[in-house]
Amino acid sequence: MTVEAIVRTMVSLVDVHAKMTEMAREKTEILKEADVEALEAQLKKEEPYIEKIKELETLRVKQMHEWLEENGQTMETATSTSFLSLFAGEAKEKLTAVFADLTRSVNELKAQNRLNQQLIEQSLQFVNVTADLLQPGNEPVGYGKSRQTGPNQRQNQRSVFDSKA
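Because the structure is predicted, anything quoted here is derived from the model rather than measured.

With that settled, the discussion passes to the overall build of the protein. Secondary structure assignment for the protein yields five helices and zero strands. In the protein, the succession of α and β elements from N to C terminus is α-α-α-α-α. Every one of the 165 residues in the protein was classed for burial, and the buried ones make up 24%. Put simply, 63% of the contacts in the protein that link residues at least 6 apart link residues at least 24 apart.

Shown next, in the form of structure tokens:
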């Protein structure tokens, strides 16, 4: 396994994450407009990219482990930092740059998704408040005085015990 193959896989990951970030920004605008149909279409559009990220990440991990095995290294939990420490010179520079790009693009996507999550939560709160306002109010159940007074008050009250003496 060559370092160039690992770098190519990681560059592909950066590209797919950048595309996902672009789609997440589009989703933000869709959420602001509250267009449910467009949101569903956007989510379907994202599915192949999510699968591609999973595929590329699996490939990246496999390539890193293959490189480690080929070069006599036995690191069970190879992190990016520990992996980078095994290189020097141009290979280390390439890997460091692409790891930094990948980290940046993943963080951008996370931030955009957090914003979208907040927009969705606000929309749900608005829907819940609106639904509560539209529903007729119910009398609270429990101890306390009833709001109803007059001769019909007794007819609407029920006892826990339905016994007649």
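A word on unusual backbone geometry. Despite not being glycine, Ala-34 shows a phi value in the positive range, around 60 degrees. Inspection of the secondary structure assignment puts Ala-34 in the loop between helix H1 (3–33) and helix H2 (36–70). Given the relative accessible area of 60%, Ala-34 is considered exposed.

Turning to the packing of aromatic side chains, a few remarks are in order. Inspection of every chain in the model, using the stated rule, returns three aromatic pairs. With a centroid separation of 4.4 Å and an interplanar angle of 35 degrees, the aromatic rings of Trp-67 and Phe-87 are classed as tilted. Of this pair, Trp-67 sits in helix H2 while Phe-87 sits in the loop between helix H3 (80–84) and helix H4 (89–134), and the two are 20 residues apart along the sequence. The pair formed by Trp-67 and Phe-87 is uniform in burial state, with each residue classed as buried. Members of the aromatic cluster, joined through ring pairs, are Trp-67, Phe-83 and Phe-87.

Our next topic: the environment of Glu-66. Among the secondary structure elements, Glu-66 is positioned in helix H2. For Glu-66 and Met-1, which are 65 residues apart along the polypeptide, the C-alpha to C-alpha distance reads 6.2 Å.

The next subject is H1. With 31 residues, H1 should cover 45 Å at 1.5 Å per step; its first-to-last C-alpha distance of 45 Å lies within 8% of that length. After H1 finishes, the residue Ala-34 shows a positive phi value of roughly 60 degrees.

So, about a negative patch on the surface. Residues Glu-33, Asp-35, Glu-37 and Glu-40 make up a contiguous surface patch of negative charge. Along the polypeptide, Asp-35 turns up in the loop between H1 and H2.

A separate point is H2. In this model H2 runs 51 Å from its N-terminal to its C-terminal C-alpha over 35 residues, within 8% of the 51 Å that 1.5 Å per residue would give. By the largest-angle criterion, Glu-47 marks the main kink of H2, which is about 30 degrees, and a proline, Pro-48, follows within four residues. For H2, the full list of buried residues reads Leu-39, Gln-42, Glu-46, Ile-53, Leu-56, Arg-60, Gln-63, Met-64, Trp-67 and Leu-68. For H2, the elements touching its buried residues are H1, H3 and H4.

Criteria and cut-off values
- Residues numbered from 1 in each chain as written.
- Predicted model: local features only at pLDDT ≥ 70, side-chain atom pairs only at ≥ 80, totals over all residues.
- Heavy atoms only, no water.
- Helix = DSSP H or I, 4+ residues; strand = E, 2+ residues; numbered from the N terminus.
- Buried < 20%, exposed > 50% of the residue type's maximum accessible area, 1.4 Å probe, protein only.
- Contact = heavy atoms within 4.5 Å.
- Phe/Tyr/Trp six-rings, centres within 6.5 Å; stacked < 30°, edge-to-face > 60°.
- Expected span 1.5 Å × (residues − 1).
- Patch = residues over 30% accessible without salt bridge, like charges linked within 9 Å, V, L, I, M, F, W, Y side chains within 5 Å.
- Areas by Shrake-Rupley, 256 points an atom, 1.4 Å probe, with all protein chains shown as cover.
- Salt bridge = Lys/Arg side-chain N within 4 Å of Asp/Glu carboxyl O.
- Lys, Arg positive; Asp, Glu negative; His and termini not counted.
- Charge placed at Lys NZ, Arg CZ, Asp CG, Glu CD.
- Bend = angle between axes of the 7 residues up to and from the residue.

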